[in-house]
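Residue-level listing of the chains:
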Amino acid sequence: MTNPPAPLPLTVLTGFLGAGKTTLLNRLLRDPALADTAVLINEFGEVAIDHLLVEHVDDGVVMLSSGCLCCSVRGELVGALEDLLRRIDNGRSPQIGRVVIETTGLADPAPVLLSVLAHPYLSLRFRIAGVITMVDAVNGAATLDAHPEAVKQVAIADRIVLTKTDLVEGGPNGTAAAALATRLDRLAPAASRVDSAQSNLTAALLGAGFDPAHAGDGRALRLAEWLSADAVAAAEARDGGSDTNRHDERIRAFTVTAEQAISTAAFEGFLDLLRAAHGPNLLRFKGVVKLAEHPDRPVVVHGVQHIVHPPVELPAWPDGDDRTRLVLIARDLDAAVVRRLFSAFLGTPQIDTPDAAALTTNPLAVPGLRFF
Ligand SMILES: Nc1nc2c(ncn2[C@@H]2O[C@H](COP(=O)(O)OP(=O)(O)OP(=O)(O)O)[C@@H](O)[C@H]2O)c(=O)[nH]1
């Protein structure tokens, strides 16, 4: 049996209704550097609105036609990706370099990621190269106030693209723009931000993911940049005690770090418990882990809710920092709870908290899936 080809980068382009997704996609697809991109576009009903607006793509476009990507199209999305692979593998379509999925404005991007990550074959053929969220600089704040979906789209972003900065009152350096920037910093400290008016958006957008295959050679985003653990820790220190009334205040990004290596079994146990107890609230997590069995070869993990992408072992620490660093984006989940859980599995329980044995022999604990 031959090995499957290297996984194709898959980028999810999301953002609320009218945020400027199609406008951006049209612009990106004019860039010759993206000529080998396949685009999966969601449509509403029978009117292929987005398709009519997307130019300069012919064979690379796969259209979905049954409504909202976040629900009914999920099965169809898997089918469309499988069909795309089949056509490429048997030569009916040209080789492609990447896939971009544009979600509808109302979609929760997590199920899109889940349908790829949770699929045994698609998870081998695609790697999540990033979630790019468009935020309208004029209506962004009001949209975040009114729509929890928009908050989630921002919270799980790797990159945020600000659109319509040309229309914002006071200009890109004015008070309204600054207030939105502060809010986005709190909600998505791990996401870098670019202005859609900037000229070279292609590189800024499609380089959002970490590619383990090129971890050491500078061709991919650096591990530290992908994780953004420092930015998340800084945001935590800054915003520590804020109130939790607004719905975007319920979502928090936080880090768990450790110098000490953790055994594979203990790390599995930690993830199992975390996913079993808090899966639905775990919007996204990513990390690099120092395993006791081979501390010189870190393991990169990431996932969405209860699903973990197959972990990738790197030949060496690429960035000089050999600590375990996890970044979690979660709703209604206290960072201290997760840190205590990790400490317990690391064998360094805090006062008044159970150790790993107490946690795993707890008859109420729900065993999760093994993934190593
Ligand atoms: N002035 C200005 N207008 C923009 C910008 N980006 C998008 N627009 C306009 O905003 C409107 C909505 O843009 P679309 O690209 O259709 O937004 P969308 O996110 O694809 O919208 P849905 O498909 O409804 O979710 C269009 O009229 C665009 O021309 C921008 O940066 N500046």
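- The chain is annotated in an unreviewed UniProt entry as Putative GTP-binding protein YjiA of Blastochloris viridis.
- Its UniProt record gives the chain a comment under Function (unreviewed entry), which states: "Zinc chaperone that directly transfers zinc cofactor to target proteins, thereby activating them. Zinc is transferred from the CXCC motif in the GTPase domain to the zinc binding site in target proteins in a process requiring GTP hydrolysis."

1. Details of unusual backbone geometry
- In this structure, Lys164 is a non-glycine residue whose phi angle is positive, near 60°.
- Positive phi is not limited to glycine here, since Gln305 has a value of about 50°.
- With respect to the helices and strands, the residue Gln305 is situated in the loop between strand E10 (299-304) and strand E11 (307-308).
- With relative accessibility at 14%, the residue Gln305 sits in the buried group.

2. Observations concerning the UniProt feature "domain: CobW C-terminal" (unreviewed entry) in the chain
- Residues annotated in UniProt with the feature "domain: CobW C-terminal" (unreviewed entry) correspond here to residues 251-346.
- Counted over residues 251-346, helix gives 28% and strand 35%. Its end C-alpha atoms are 26 Å apart.

3. Notes on the packing of aromatic side chains
- As enumerated under the stated definition, the model contains two aromatic pairs in all.
- Ring geometry for Phe270 versus Phe342: centroids 4.9 Å apart, planes at 85°, classification edge-to-face. Within this pair, whereas Phe270 is found in helix H12 (residues 264-278), its partner Phe342 is found in helix H13 (residues 335-346), the two being separated by 72 residues in sequence.
- The class for Phe342 is buried, based on a relative accessible area of 2%.
- Site record: aromatic cluster; members linked through ring pairs are Phe267, Phe270 and Phe342.

4. Section: the site of the ligand
- Contacts to the ligand come from 16 residues, most closely from Gly20, Lys21, Thr22, Thr23 and Asp166.
- Within the backbone of Gly20, a nitrogen or oxygen atom sits 2.9 Å from an oxygen atom of the ligand.
- A distance of 2.5 Å is found between an oxygen atom of the ligand and a side-chain nitrogen or oxygen belonging to Thr23.
- Within the complex, 64% of the 660 Å² of free accessible area of the ligand lies under protein.
- Residue composition of the shell around the ligand, by class: four nonpolar, seven polar and five charged.

Conventions we followed
- Residues numbered from 1 in each chain as written.
- Predicted model: local features only at pLDDT ≥ 70, side-chain atom pairs only at ≥ 80, totals over all residues.
- Heavy atoms only, no water.
- UniProt positions renumbered as here; feature names shortened; annotations may be inferred.
- Helix = DSSP H or I, 4+ residues; strand = E, 2+ residues; numbered from the N terminus.
- Buried < 20%, exposed > 50% of the residue type's maximum accessible area, 1.4 Å probe, protein only.
- Phe/Tyr/Trp six-rings, centres within 6.5 Å; stacked < 30°, edge-to-face > 60°.
- Near = heavy atom within 4 Å.
- Polar contact = N/O pair within 3.5 Å; in protein donor to acceptor, adjacent residues only side chain to side chain.
- Areas by Shrake-Rupley, 256 points an atom, 1.4 Å probe, with all protein chains shown as cover.
- Nonpolar A, V, L, I, M, F, W, Y, C, P; charged D, E, K, R; others polar.

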